[in-house]
Amino acid sequence: MSAVLLRRNHARLAPRKYPGPDIMNVAAPSIPMTSPLRDAVATHQIERIAALDSMRGIAAIIIIVYHCITVYPGIFHVLDGYGRNAFDGGGLSVFLLTTLPPSLLWSGREAVLFFFTLSGFVLTLPFLTTRPPNYVPFLMQRMVRLLPPCIFIVLLIAALLPIIPVGARNATPMTILDYCWFEAPNLWMVLRQALLFGDFYSLNPVLWTLHYEWHASIVFPLLVAVTALGTRVAVPLFLIGAAIAYGELRLTGATGYAMTLYYLPYFAFGSLLARHRAAIRAWIGGLSGGARLGLWVGCYILLKFRWLAPAPAVLDDLVNGAGAALLIALVISSATAQAWLMRGPLPWFGKVSFSLYLVHVPVILLMVELMPAVVPLPVTLLAAALLSLGLAQVMFRTVELPCIQLSRRIAKALARPVQPAGLRTESATS
């Protein structure tokens, strides 16, 4: 059954959000909700844009909403599909569900691609300072930030699963529930999924995005070096890699480590944006109010592209990735947008977003499985969302925060020696 699901999920690279290494559907899980921006600030004088953490938190909330509503088979059938649009046989209901502005609240696939792009942006910033990290300290810091929380949540689920009364699963997924907990865990499965080198993440499907986040981290210094060659060189190279991975998937149905090439362009979009952020800010700042409004409208169209026009999944994703990069560019160029993003609970959502990302799908599954049938499903899902927020705070304090502190100590201990002032040639906030 797992092979069938894996082939199905990878063959569709569209609005997915989560199972196997290509499923961005069912859980739009991911991305990584770690905050490389916070980590980098600890050891390098880089530009700090706190509003980006709030954006990460908003994306995490979008993913929760996505996973809650895809418990309903009719909604799952639409959102987990190829990106059918109303003009291609989808009808009015599909148009209302996928195209109007409120649909941003459950745009799971788009949120995942945003996470990848944002990670590329913030992870690049330390490499642009006068003290760029060495490879080993960088990788160790990322490993400590990503792996222990994943190991914790996988071990917890594996320990609880034998005592949880799990219902039957459909061989052809009908809801988000069918991607999860359809096989008994064994040691090899637990190790592969906890350490993010699995080919399918049935214990916690959101881990598929962290699978690519971790693999991208392994090659990230090389990615930064490629983006240093310039946009005209870097973009074609990453697009060629994505085309190769997508071609392999479509022709063979195989989903190996080469699939990392499929997602590297989104990290590259963010990296290029970080490199050219000063020029981009100046350009956007020089536009008229009407032109800037046009960019916001254009950003919305790019993010909703898969629902507006029929196109191959790989093109849908790339256009969405461009929309994610434009969204980040607009926010870092707007003091008003940044001030809005620092209001109310948004900074807190950003702080706990990684933990929230890891706990919410298991909580939804448990609530749906264990809640008495007399309780209306909307009430169950609302309770699951609220419980996820509470558990995210607990996990942040007990698991994630110690990992953050340890990663910072590692980065500080292994950081490059400070260069004499006369040798510094670049401002840390260029």
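Here we summarise the structure given alongside this text. (Residues numbered from 1 in each chain as written. Predicted model: local features only at pLDDT ≥ 70, side-chain atom pairs only at ≥ 80, totals over all residues. Heavy atoms only, no water.)

## Here we look at the overall build of the chain
Here is the rule: Numbering of helices and strands runs from the N terminus, with a helix taken as a DSSP run of H or I at least four residues long and a strand as a DSSP run of E at least two residues long. Between buried and exposed lies partly exposed: a residue is buried under 20% and exposed over 50% of the maximum accessible area for its type, with that area taken using a 1.4 Å probe on protein chains only. Areas reported as accessible are Shrake-Rupley estimates using a 1.4 Å probe. Residue values count occlusion only from the protein chains shown.
Along the backbone of the chain there are 20 helices and zero strands. The buried share among the 430 residues of the chain stands at 56%. Summing over all exposed atoms, the chain offers an accessible surface of approximately 16,700 Å²; the carbon and sulfur share of this is 72%.

## Section: helix α6 (residues 108-124)
The condition that has to hold: The length a helix should cover is 1.5 Å for every residue beyond the first.
For α6, built from 17 residues, the straight-helix expectation of 24 Å at 1.5 Å per residue is met to within 8% by its first-to-last C-alpha distance of 25 Å. For α6, a buried count of 17 out of 17 residues is recorded, marking the element as mostly surrounded by other parts of the structure.

## Details of the environment of Ala 311
What counts is decided by this rule: Any two residues whose heavy atoms approach within 4.5 Å at even a single point are treated as in contact.
Relative to the helices and strands, Ala 311 resides in the loop between α15 (305-308) and α16 (313-332). Take Ala 311: its relative accessible area is 25%, and that puts it in the partly exposed class. Apart from residues lying up to four places away in sequence, Ala 311 is in contact with Phe 305 and Asp 316.

## Examining the packing of helix α19 (residues 353-370) against helix α20 (residues 377-414)
Our working rule: Between N-to-C directions, angles cover 0 to 180 degrees, with each direction set by a line fitted to C-alpha atoms, over the stretch in contact for helices. Orientation is classified from the angle alone, with under 35 degrees giving roughly parallel, over 145 giving roughly antiparallel, 65 to 115 giving roughly perpendicular, and any other angle giving oblique. The hand of a helix crossing depends on one turn: near helix anticlockwise from the far one by less than a right angle means left-handed, and clockwise means right-handed. Amino acid classes used here: Ala, Val, Leu, Ile, Met, Phe, Trp, Tyr, Cys and Pro are nonpolar; Asp, Glu, Lys and Arg are charged; the rest, including Gly, are polar.
Between α19 and α20, whose axes approach to 7 Å, the crossing angle comes to 140°. With respect to α20, the element α19 is oriented oblique. In this structure, α19 crosses over α20, and the sense of that crossing is right-handed. Here the contact of α19 with α20 is composed, by residue class, of 18 nonpolar, four polar and one charged.

## Here we look at unusual backbone geometry
Positive phi, close to 55°, is recorded for Trp 181, a residue that is not glycine. Mapped onto the secondary structure, Trp 181 falls in the loop between α7 (135-160) and α8 (187-194). By relative accessible area, which is 5% here, Trp 181 ends up buried. Phi is positive for Leu 196, close to 65°, though the residue is something other than glycine.

## Details of the nonpolar core
What counts, and what does not: Put simply, buried Ala, Val, Leu, Ile, Met, Phe, Trp, Tyr and Cys residues joined by side-chain atoms within 4.5 Å make one nonpolar core.
Of all hydrophobic cores here, the largest spans 114 residues; its most connected members are Leu 52, Phe 114, Phe 121 and Leu 210. Top element by residues in this core is α16. It accounts for 12 residues. Residue contacts for Phe 114: discarding those within four places in its chain leaves Met 55, Arg 56, Ala 59, Ala 324, Leu 327 and Ile 328.

## A look at the packing of aromatic side chains
In plain terms, the rule: Centre distance within 6.5 Å is the pairing criterion for rings of Phe, Tyr and Trp, where only the six-membered ring of Trp is used; planes under 30 degrees apart are then read as stacked, over 60 as edge-to-face, and the remainder as tilted.
Enumeration according to the criterion identifies 18 aromatic pairs in this entry. With a centroid separation of 5.7 Å and 55° between ring planes, the pair formed by Phe 182 and Phe 200 is classed as tilted. Here the residue Phe 182 occupies a position in the loop between α7 and α8, and Phe 200 occupies one in the loop between α8 and α9 (207-218), the gap between them amounting to 18 residues. The residues Phe 182 and Phe 200 share a single accessibility class, namely buried. For the ring pair Tyr 212 and Tyr 263, a centre distance of 4.6 Å and an interplane angle of 45° mean the geometry is tilted. Taken together, the residues Tyr 212 in helix α9 and Tyr 263 in helix α12 (residues 260-275) connect sequence positions 51 residues apart. One aromatic cluster in this structure is built from Phe 116, Trp 208, Tyr 212, Tyr 246, Tyr 262, Tyr 263, Tyr 266, Phe 267 and Phe 269.

## Looking at a nonpolar patch on the surface
The cut-off we apply is this: Residues forming no salt bridge and having over 30% relative accessible area are the ones grouped into patches, like charges within 9 Å of each other and nonpolar side chains (Val, Leu, Ile, Met, Phe, Trp, Tyr) within 5 Å. We count a salt bridge whenever a side-chain nitrogen from Lys or Arg sits within 4 Å of a carboxyl oxygen from Asp or Glu.
On the surface, Tyr 135, Val 136, Met 140, Met 143, Ile 218, Val 219, Leu 222 and Leu 414 cluster together into a nonpolar patch covering about 630 Å² of accessible area. The biggest single contributor to the nonpolar patch is α7, with four residues. Structurally, Val 219 is set in the loop between α9 and α10 (220-227). Residue classification places Val 219 among the partly exposed positions, given a relative accessible area of 31%.

## A look at the pattern of salt bridges
According to the stated counting rule, one finds six salt bridges in the structure shown. Between Glu 213 and Arg 142 there is a salt bridge, and its shortest N-O distance comes to 2.9 Å. Separated by 71 residues along the polypeptide, Glu 213 in helix α9 and Arg 142 in helix α7 bring together distant segments of the chain. With respect to class, Glu 213 is no different from Arg 142; both count as buried.

## Thoughts on the side chain of Glu 213
Convention followed: By the criterion applied in these results, polar contacts are pairs of N or O atoms within 3.5 Å in which, for protein atoms, one can donate a hydrogen and the other can accept it, and in which residues neighboring in sequence qualify only through two side-chain atoms.
Glu 213 gets classed as buried once you look at its relative accessible area, which sits at 1%. Among the polar contacts made by the side chain of Glu 213, one reaches the side chain of Ser 119 at a distance of 2.9 Å.

## Here's the deal with the environment of Ile 75
Within the secondary structure layout, Ile 75 lies in helix α4 (residues 73-79). For the pair Ile 75 and Thr 175, spaced 100 residues apart in sequence, the C-alpha separation works out to 8.5 Å. Contact partners of Ile 75, with chain neighbours within four places excluded, come to Ile 69 and Leu 97.

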